[in-house]
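# Commentary on secondary and tertiary structure
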Amino acid sequence: MRRALPEGDSLMGPAHPPAADWQAPVIDLLVEALPPARGEGREGWEDMALTAWQFGCMALVALGVAEGRPWGAARLAVAREPERAPRWDDICCAVLAVLGQVRSLECLGSDGARYEDPRWSDPFETGASGDAGAPVPNIMAAHGCGPAQGSAMALRVLDCLGLVEDGRWSAAAEPVFWRRQPKGWAMAPQTDPRFAEALEVCVWSLPEELADEIEALVHISQADVDAAMEQHLSERAELIRRSPAQRRFLPKPSPDEMRRSELFVRKRRLDMLFFEGWRLSDGWLDGAALAEALTIFHDPLAMQMRAAVIHRLFPKSDLARATTR
């Protein structure tokens, strides 16, 4: 059962676009940027198990251009109107990841310093991104976001998404970039009063059944460690049975190592709950709102909120004691 938000709470950042017509430019970008599918009978785009390509393929599926496949996204013969339009903020994250991957957008330090490898070539021909010279920003710092250099293609898409206006980052860009936190921008959402507000909303909107699941994950008993050890040893024995030479590379873990491993697994599972179902602008999603979301994993803001929630609700738990993020 979803808890009601306390009266007077407000939410930060738009979940839906400040600009109206953004889908077509986004589709054009993704279709051009993503690696084409290879292999017999495949037509579409490969994700190559790479985060940016995975986000791009997910976006094309959500936008009605493709169907998901284990290898990426298969192009539909006829694009279809999605039953529910995907969240604008999630699409923004996917687009930024793809633009960064193809070096069509480079976030720079406040002093203009480059934080990415300058040797990568840029398929959209920005010029400066492919050489070792000092980059010249064409997106100026604003609203907590630092300067950046983007290709003409990147600028068009960012403008259509409402992330750039008058050559600067828009106010709508800040909460999106909280989910990217580029090197050199010194973003620290956890110290922002709006993060504290979002934490309150997150706690109050947390469904009871999800709170129960989180509570079960943050406490690790000796029985949990023993069960994890038993499973690990069983899998280890099977690997050695199939390939005896593997024995030297598969030492038996100590109980302490097994506990640390279990902590890591639990933390990753908690992260996934936040990647899937929590958003800064809304708290916990349900129903139609949940169906509109893309699972943007490796989201530093979601991980920071996960840590904050655990320390707020379960300060004496194993996971709270073991991690600050």
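Worth saying up front: this structure is predicted, and the values here are computed from it rather than measured.

So, about the overall build of the protein. Helices and strands together make up the secondary structure of the protein, namely 12 helices and nine strands. Going through the 325 residues of the protein one by one, you find that 49% of them count as buried. A separation threshold of at least 6 residues defines the contact pool for the protein, and within that pool the share at least 24 residues apart is 65%. Looking at the protein as shown, the accessible area adds up to about 16,300 Å², and 53% of this sits on carbon and sulfur atoms.

Pairing analysis gives four bridges linking strand β2 (residues 66-69) to strand β3 (residues 72-75), with the strands arranged antiparallel. From the neighbouring strand, Ala66 faces β3, where its bridge partner is Arg75. In textbook terms, the turn of a hairpin is the stretch between consecutive antiparallel strands, and for β2 and β3 this stretch comprises two residues.

Evaluated as defined, the whole model comprises 23 salt bridges. Put simply, Asp89 and Arg179 hold a salt bridge, and the shortest N to O gap is 3.8 Å. Here the residue Asp89 occupies a position in helix α3 (residues 88-101), and Arg179 occupies one in the loop between α5 (173-177) and α6 (193-204), the gap between them amounting to 90 residues. The residue Arg268 makes a salt bridge to Asp271 at a minimum N-O spacing of 2.2 Å. With Arg268 and Asp271 both in helix α9 (residues 255-277) and three residues apart, this pair spans about one turn of that helix. Judged by its relative accessible area of 31%, Arg268 is partly exposed. On the accessibility criterion, Asp271 (0% relative accessible area) is buried.

In this section: the pairing of β3. Look at any regular strand and the pattern is simple: side chains alternate between the two faces of the sheet. As judged from the three bridges shared by strand β1 (residues 44-46) and β3, these two strands associate in the antiparallel manner. By the bridge assignment for β3, Gly44 is matched with Ala74.

The subject of this paragraph is a negative patch on the surface. Residues Glu208, Glu209, Asp212 and Glu215 make up a contiguous surface patch of negative charge. Here Glu215 lies in helix α7 (residues 208-218).

This paragraph deals with the packing of aromatic side chains. Each aromatic ring pair is characterised by the separation of its centres together with the angle its planes make. Taken as a whole, this structure holds six aromatic pairs when the rule is applied. On the numbers, 6.1 Å between centres and 65° between planes, the contact of Trp169 with Trp185 is edge-to-face. Of the two residues, Trp169 is situated in strand β7 (residues 168-169) and Trp185 in the loop between α5 and α6; the sequence distance between them amounts to 16 residues. Taking relative accessible area as the criterion, Trp185 reaches 8% and is therefore assigned buried. Three or more aromatic residues joined by ring pairs form one cluster here, namely Trp169, Phe177 and Trp185. Positioned above the aromatic ring of Phe264, the side-chain terminus of Arg268 is 5.2 Å from the ring centre.

For the rest of this paragraph, the subject is helix α2 (residues 51-62). For α2, which comprises 12 residues, the first-to-last C-alpha distance of 16 Å matches the rise-based estimate of 16 Å (1.5 Å per residue) to within 8%. Three or more residues of α2 are buried, namely Ala52, Trp53, Phe55, Gly56, Cys57, Ala59, Leu60 and Ala62. Just beyond α2, the residue with positive phi is Gly64, at close to 85°.

Take the confidence of the model for the protein next. Should pLDDT be low for a region, the predicted coordinates there are not to be read in detail. In this model, the protein carries a mean pLDDT of 88, and residues with pLDDT of at least 70 account for 87%. Confidence drops under pLDDT 50 across residues 1-10; counting only partners more than four residues distant or on other chains, this segment forms 22 contacts. Taken together, the stretch residues 117-131 has pLDDT below 50 and engages in 35 contacts with residues farther than four places along the chain or on a different chain.

Where helix α1 (residues 23-33) contacts α2, the axes come no closer than 10 Å and their chain directions differ by 135°. Judged on the interaxial angle alone, α2 and α1 are oblique. Taken as a pair, α1 and α2 cross one another with a handedness that is left-handed. Where α1 abuts α2, its residues Ile27, Leu30, Val31 and Ala33 lie against Trp53, Gly56, Ala59 and Leu60. Split into classes, the residues belonging to the contact of α1 with α2 amount to seven nonpolar, one polar and no charged.

This part is about the sheet that holds β3. One open sheet accounts for three strands, arranged β1-β3-β2; its pairing is antiparallel. Looking at strand neighbours, the two that pair on one side only are β1 and β2, the edges of this open sheet. This sheet shows a mean twist of 25° between the axes of neighbouring strands, independent of strand direction.

The rules behind the values
- Residues numbered from 1 in each chain as written.
- Predicted model: local features only at pLDDT ≥ 70, side-chain atom pairs only at ≥ 80, totals over all residues.
- Heavy atoms only, no water.
- Helix = DSSP H or I, 4+ residues; strand = E, 2+ residues; numbered from the N terminus.
- Buried < 20%, exposed > 50% of the residue type's maximum accessible area, 1.4 Å probe, protein only.
- Contact = heavy atoms within 4.5 Å.
- Areas by Shrake-Rupley, 256 points an atom, 1.4 Å probe, with all protein chains shown as cover.
- Pairing = 2+ DSSP bridges.
- Salt bridge = Lys/Arg side-chain N within 4 Å of Asp/Glu carboxyl O.
- Patch = residues over 30% accessible without salt bridge, like charges linked within 9 Å, V, L, I, M, F, W, Y side chains within 5 Å.
- Lys, Arg positive; Asp, Glu negative; His and termini not counted.
- Charge placed at Lys NZ, Arg CZ, Asp CG, Glu CD.
- Phe/Tyr/Trp six-rings, centres within 6.5 Å; stacked < 30°, edge-to-face > 60°.
- Lys NZ or Arg CZ within 6 Å of the ring centre and 35° of its normal.
- Expected span 1.5 Å × (residues − 1).
- pLDDT = per-residue confidence, 0-100.
- Axes fitted to C-alpha atoms, helices over the stretch in contact; angles between N-to-C directions.
- Parallel < 35°, antiparallel > 145°, perpendicular 65-115°, else oblique.
- Left-handed = near helix turned anticlockwise from the far one by under 90°.
- Nonpolar A, V, L, I, M, F, W, Y, C, P; charged D, E, K, R; others polar.

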